[in-house]
Amino acid sequence: MANMVGQVLESHKIIFHEYELPLEVLNHNRALHITVQFEDKSISRVLVDGGSSLNICQLDTLKRLGKGFHEIQVGSMNVKDFDGSQRATIREINLCLQMGPTWFDVEFQVFDIPDSYNLLLGQPWIHAAGAVESILHQAVNLNGTIRR
């Protein structure tokens, strides 16, 4: 039985050899950032982070999108920050985002802290979208379509 499972797992493995990779992706450590569309506005610096258990939106980003504080739903949770400190989310909001030809209704936790990204798409979005992120190839696979 264990041998059969090993054969199934082995047959579904994707392997990239060094000669198949472009030189610019070897030894890189860049985060995966994409650009998404919200209504008629493009949002750049959207971080895709499979290690995050939340989708995060900065309050400044919402203001730039024309969303007022009254449009943000009440809700608060305590979250551990990257440095281990506790932070409280302000509220939460649902945004309908376009990535490639696909639209996603994404629930974000809202923070009022400066950061290097406008939105963070974490595990909730990745799982709901059935997406596979590739930091090595700087791309997201959405239902068989690669988006950079």
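Predicted model, so just to flag it, every value in this text is computed and none were measured.

### So, the overall build of the chain
Okay, step 1: Counting its secondary structure elements, the chain contains 3 helices and 12 strands.
Okay, step 2: Of the contacts formed within the chain by residues at least 6 apart in sequence, a portion of 53% connects residues at least 24 apart.
Okay, step 3: Accessible surface for the chain amounts to roughly 9400 Å². Of this, 53% is attributable to carbon and sulfur atoms.

### Points about the nonpolar core
Okay, step 1: Counting residues in each nonpolar core, the largest one holds 27 residues, and the members touching the most others are Ile34, Leu97, Phe108 and Trp125.
Okay, step 2: Counting only elements with at least two residues in this core, the list comes to strand E1 (33-38), strand E2 (41-48), helix H2 (59-64), strand E7 (91-99), strand E8 (102-111), strand E9 (119-121) and helix H3 (123-129).
Okay, step 3: Among all residues touching Phe108, those that are not within four sequence positions of it are Asn55, Ile56, Cys57, Arg91, Glu92, Ile93, Leu95, Leu97, Leu119, Leu120 and Leu121.
Okay, step 4: In terms of nonpolar packing, the next biggest core, distinct from the first, is built from 7 residues, Leu47, Phe111, Tyr117 and Leu120 among them.

### Focus on unusual backbone geometry
Okay, step 1: The phi dihedral of Glu39 falls on the positive side, at around 50 degrees, and the residue is not glycine.
Okay, step 2: By relative accessible area, Glu39 is classed as exposed at 53%.
Okay, step 3: The residue Arg45 is not glycine, and still its phi comes out positive at about 55 degrees.

### As for the environment of Val110
Okay, step 1: Topologically, Val110 is positioned in strand E8.
Okay, step 2: In this structure Val110 comes out as buried when scored by relative accessible area, which is 0%.
Okay, step 3: Considering only alpha carbons, one finds Val110 and Ile72, 38 residues apart in sequence, at a separation of 8.4 Å.
Okay, step 4: Sequence-distant contacts of Val110, that is, excluding residues within four places in its chain, are made with Cys57, Leu59, Leu62, Ile72, Thr89, Ile90, Arg91, Glu92 and Ile93.

### Some points on the pairing of E7
One face of the sheet, then the other: side chains in a regular strand alternate in exactly this way.
Okay, step 1: Relative to E7, strand E4 (residues 73-74) runs antiparallel, the two sharing 2 bridges. Each residue of the ladder has a partner; that of Val74, found in E7, is Arg91.
Okay, step 2: Relative to E8, E7 is paired through 9 bridges, and the arrangement is antiparallel. Residue pairing in the sheet places Met99 in a bridge with Thr102 of E8.
Okay, step 3: Taken together, E7 and the strand that follows it, E8, pair antiparallel across an intervening segment of 2 residues, in which Gly100 is found at a positive phi of about 65 degrees.

### What to know about the environment of Asp49
Okay, step 1: Tracing the sequence through the fold places Asp49 in the loop between E2 and strand E3 (56-58).
Okay, step 2: Residues Asp49 and Ile126, spaced 77 residues apart in sequence, show a C-alpha to C-alpha distance of 8.7 Å.
Okay, step 3: Within the local environment of Asp49, its side chain forms a polar contact with the backbone nitrogen of Gly51, the two atoms lying 2.9 Å apart.

### Structural notes on the side chain of Ser52
Okay, step 1: Summarising the element assignment, Ser52 is placed in the loop between E2 and E3.
Okay, step 2: Relative accessible area serves as the criterion here: at 10%, Ser52 is assigned to the buried category.
Okay, step 3: At 2.9 Å, the side chain of Ser52 forms a polar contact with the backbone oxygen of Leu54.
Okay, step 4: Residue contacts for Ser52: discarding those within four places in its chain leaves Leu120, Gly122, Gln123 and Pro124.

### Structural notes on the pattern of salt bridges
Okay, step 1: Tallied over the entire structure, the rule returns 1 salt bridge.
Okay, step 2: Measuring nitrogen to oxygen at the nearest pair gives 3.6 Å for the salt bridge that ties Lys41 to Asp40.

Reading the values: the criteria
Residues numbered from 1 in each chain as written. Predicted model: local features only at pLDDT ≥ 70, side-chain atom pairs only at ≥ 80, totals over all residues. Heavy atoms only, no water. Helix = DSSP H or I, 4+ residues; strand = E, 2+ residues; numbered from the N terminus. Contact = heavy atoms within 4.5 Å. Areas by Shrake-Rupley, 256 points an atom, 1.4 Å probe, with all protein chains shown as cover. Core = buried A, V, L, I, M, F, W, Y, C linked by side-chain atoms within 4.5 Å. Buried < 20%, exposed > 50% of the residue type's maximum accessible area, 1.4 Å probe, protein only. Pairing = 2+ DSSP bridges. Polar contact = N/O pair within 3.5 Å; in protein donor to acceptor, adjacent residues only side chain to side chain. Salt bridge = Lys/Arg side-chain N within 4 Å of Asp/Glu carboxyl O.

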